Each structure stands twice: as C-alpha cells, then as structure tokens.
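Residue strings, one per chain:
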Amino acid sequence: MTYIVVAIVVIVVIIAGIGIALTQLQPAKSNKTVLTVNISLAPSEYAYYNSTLKPQFQQMYPNVTIQFTTQSASTVVSTLQAQEPTPTIDVVQQDNGFIGPLVSSGLVMNLTPYLSQLEPMNSSATATAANGSIIPAYYNEGNFSGTFYFFPVRGNVQLAYYNQSALNQVRSAGYTNITTPTNVTNLKADMWDLNNYSTTHNGLYASPFNMMGHGGASTPTQVFQWMAEFGGNPMAFNTTGDIAALTFLQNMEKTGLMSPYNATGYWGSYKGLMSNNYQYLNQWPYITSILANNGWNNTTIAPHNVTSGKELGLTHGFTGPNNIAQFIVGGDALGIVNNTPHLWAALHWIQFLDSKKVQIQLMQNLTWPVVNEAAYATPSAQSLQFKLIKYEESNGIFRPAVPWMTQWDNYFDSAWSVIMNGGNVSHALSQAHSSMYHYLKIYYGGTAYPSEYQNGTIIPSGAYLGPKSTS
C-alpha cells in the first residue's frame, strides 16, 4: 500500500511539473499579459503595425495586449542596459545593421533552443506557423559565431527611382543616348545629359544625382553596396575597389552632378524626386506606394513623348564596373530581451510576424521584401517591383554579423566627410582602416577580430564577389 501511495505521489509531482512547464509556455487564457515591443519604422509602416497587425494578433491571443515603443536603434541599447535585470521591453525589432551592440552587451536571449518553434519549415505542428520557409540568407543574419540571437522578419534592398518624364523630355531635345540608368557607365552619362540640358533651361534638372549623404547609418549602409560593386571589400575600407567607388562619388560632387540635397539625404528622403530637386535616387522600397499615392506611377518604359510629367522610372540599383551586381540587403530582425517574463508571448509574436499570411500582408501593403519564401509564390510577388527585389536579393550581400558594425559606420562617416569636402580619398580610407584596427585591438584584443580584420578575412556574406583576403 505504501508503494502505491508513493507511486501516486510521484506521478502527481511529475504531472504537476509538466503542468508548470506548460503553463510557462502557454498560460491560461485568463492570464493578462502586456507584451512590449520596440519598433523603429517609417510613419506609414508604424500605422500598419498598430492598426492592422496588432489587432490581428490580439484576436488570436485575447490574453495578450501588444504595446509598442519606438526608441531608435541606438537608444534602445542604453534603455535596456538601464532596465537590467527587470526589463520592461520584451521584444526588439531592430535593423540588422544594429543588432551587434545588443548581442555584445548581452541584452538579448540565445534563440537557438527555440528555432524549432520559429523556423516555419520545422514547425508545421504549430498552428501559427507558415507553410513555407525562411530564406536561408536572412535566417543566418542573426547568427553570431554559431549562436542565433535574432530571427528575421523582413528584408530590404534599395531600388533605383528616377524621373522618367525628365529623361523623356531631355531625349526629345536631342540627347538621344539617354537610357535606363542601370550601371555606373550609363548612370553617369544620363546624369551628364540632364545636367547639360539644365544650362539652357533655367537650371531645370541641374545636379540630378542624389544619395543618402547625411551620414549617420544611412550613408555607410548605401556606400557599402557601392564599394562592393566596384570590386572592393567594404569592411576593410581601403581596398582598390573601395577607393574607386569613393573616387567616383567624389567626382560626381566635383563635377556638379551630385545634388546639394545629398547633404541632408537619409533613408527617409524622397520628396525631392517629386518636386524636381533631383532626378535619381536609390532608396528603400517602402517609398514605392507613397510615390504612387502622389501620382507617380511606376514604369520602366521610356516613350519619346512627354505626358503627365509624373512618370516614375523604377529599376534595380546601378551595378559597378563590368556590371558587377552587389546589392546590400538590410531589413529588420527580432530579438527577445534577456529576463523577459513573457517569453511564451514573445515567441508567438515572432511566429505570427513570420507566418505566410502576415508576410503576404507586409509584402502587399508595405512593399516589404519579406523573408518567408512562401509569400513569394503569390501573384503579388509578380509585379515589377518584386521582380527587381528578387533580382537584387539573388545578388545580395549582407554586412557580417560582428558586434562592432556601428563603430565601422562611425569611421566611415568620418572618412566620408573628408572625401566629400575634397580630401584625399586613399588617405581618408586608410585612416578609417587604421582606426578600425586599433579600436578592435583595444576593445576586442582577446578575440580573433583584430588579426582577422588586418588580414582582410572579415568580409560581407551572401553573394559577395570581392576580395576574400588582403594578406
């Protein structure tokens, strides 16, 4: 009888233990949870998250209330450090260029034990999972030295937007060689034609080439792509291709082809294209729908007549010499904050955002290059813009998953300021390389980073074609 009692007690304890574990993962519907998610999005993107996605999720999980905060990528790091060990933020949706500081500061969880719940292809038994899979290159961007700290939610590539009406008008005036600006050669030729036309037409279409030249994160991110397209290794700063790319951009400034608006250009710039302040811009594709709503329709057809004056040319970003296609892939990734008391809800939020249904919505409504390839099997993905996006993704490069990427940005910005004020390109980039190396020796001296950096083995990932080593 004693044995029976003991056995019953053991069974009860085991069942109770299982019950506790299950309760931690799937609390009772009566438990009310506030899940705080930090996002940094454009106004139109935030509005969609808040008015559409949040209610959908809360309908699926009535016991969860989503609360958004909107701290910048840099500010959220210091906020989380101040909140340790009891964070009030549970999930961070972070630009993939800024996830390193969260990892190096130990502020986000190791997600490796939860990949079976987060990878749609491996979680078909989960009701909220998609019937597809995460594109491998995106899946690996949160992998730091074999450990996954972030999971992707969206990709991003820059498309080329240009004033097709302006090109039509200039062609009709006799500049018959003007064409779609798809590589470094015809881009520069088109910009020359527009600028020359301006000299006899009251400055119309003068200085037509614009870029994100303000500094901060926008400029190093954009020029990272161009350095690779010229055959360089952007991480090193001063390879032959890096120097060639920055020399090209400096010459665009010196010859008057660079718009003065580049000095304030950043990831949110596009209005100058609509107001004829400049005629060419590489920008993230969220602006596609905004331009369309303002009467600028997308076309790559180049008729010889001028019609409404609002024809928008849309193509992939220009390729470098020898048509080298190297398109930087940005986007957002999701991390779960260490010590969150709402792990179960955080996992479900990530599952929800990466589900096929939601990824299709993000693609259709925000023109996001999504990370679930099942979404690309839908008719919406057959539009011109998504054909261009998929082309760029297939030739995409990723910034390496290193925790000091934001410091690389800072050194680039210093070099950029010197170069765009007429300084020596080679010297400025060599100084940036030297500064980066000394920083790594001081702050990462106990790791392989300094020697790997000096040897040129820290390179972009993805479809990178540049030098693999400088040694």
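Further up the page is the structure itself.
These figures come from a predicted structure and were not determined experimentally.

A. Layout of the nonpolar core. One finds Tyr 49, Phe 209, Leu 246, Trp 349 and Trp 404 to be the most contacted residues of the largest nonpolar core, which totals 122 residues. Apart from the residues lying within four places of it in its own chain, the contact partners of Trp 349 are Leu 35, Val 37, Tyr 49, Phe 57, Ile 66, Phe 68 and Val 91. Formed by 14 residues, the second largest nonpolar core is a distinct cluster that contains Val 77, Leu 80, Leu 102 and Val 108.

B. Representation of the side chain of Thr 288 within the structure. Tracing the sequence through the fold places Thr 288 in helix α12 (residues 287–293). Under the relative-accessibility criterion, Thr 288 is labelled buried at 3%.

C. View of helix α2 (residues 43–60). Taking 1.5 Å per residue, 18 residues should reach 26 Å; α2 reaches 25 Å between its end C-alpha atoms and fits that length. Within α2, the axis deviates most sharply at Leu 53, by approximately 35°, and proline Pro 55 lies no more than four positions further along. Taken together, the buried residues of α2 touch β2 (64–69), β3 (91–95), β6 (151–157), α13 (343–353) and α14 (356–366).

D. Layout of α14. Among the residues of α14, Val 358, Gln 359, Ile 360, Gln 361, Leu 362, Met 363 and Leu 366 are the ones counted as buried. Buried positions along α14 lie against α2, β6, α13 and α15 (384–394). Positive phi appears at Thr 367, one or two residues downstream of α14, with a value of about 55°.

E. Main features of the packing of aromatic side chains. Scanning the entire structure with this criterion turns up 32 aromatic pairs. Ring geometry for Phe 57 and Phe 352: centres 5.3 Å apart, planes at 65°, overall edge-to-face. With Phe 57 in helix α2 and Phe 352 in helix α13, this pair connects stretches of sequence that are 295 residues apart. The class for Phe 57 is buried, based on a relative accessible area of 0%. A residue is classified by how much of its surface remains accessible, and Phe 352, at 3% relative accessible area, is buried. Here the aromatic rings of Phe 237 and Trp 408 are separated by 4.9 Å at their centres, their planes lie at 10°, and the arrangement is stacked. With Phe 237 in the loop between α9 (218–229) and α10 (240–254) and Trp 408 in helix α16 (residues 405–420), the pair connects residues that are 171 residues apart, well separated along the chain. Judged by its relative accessible area of 0%, Phe 237 falls in the buried class. The buried category is assigned to Trp 408, whose relative accessible area is 0%. One aromatic cluster in this structure is built from Tyr 46, Tyr 49, Phe 57, Tyr 61, Phe 68, Trp 349, Phe 352 and Trp 368.

Conventions used here
Residues numbered from 1 in each chain as written. Predicted model: local features only at pLDDT ≥ 70, side-chain atom pairs only at ≥ 80, totals over all residues. Heavy atoms only, no water. Core = buried A, V, L, I, M, F, W, Y, C linked by side-chain atoms within 4.5 Å. Buried < 20%, exposed > 50% of the residue type's maximum accessible area, 1.4 Å probe, protein only. Contact = heavy atoms within 4.5 Å. Helix = DSSP H or I, 4+ residues; strand = E, 2+ residues; numbered from the N terminus. Expected span 1.5 Å × (residues − 1). Bend = angle between axes of the 7 residues up to and from the residue. Phe/Tyr/Trp six-rings, centres within 6.5 Å; stacked < 30°, edge-to-face > 60°.

Worth remembering: the numbers are spatial, not functional.
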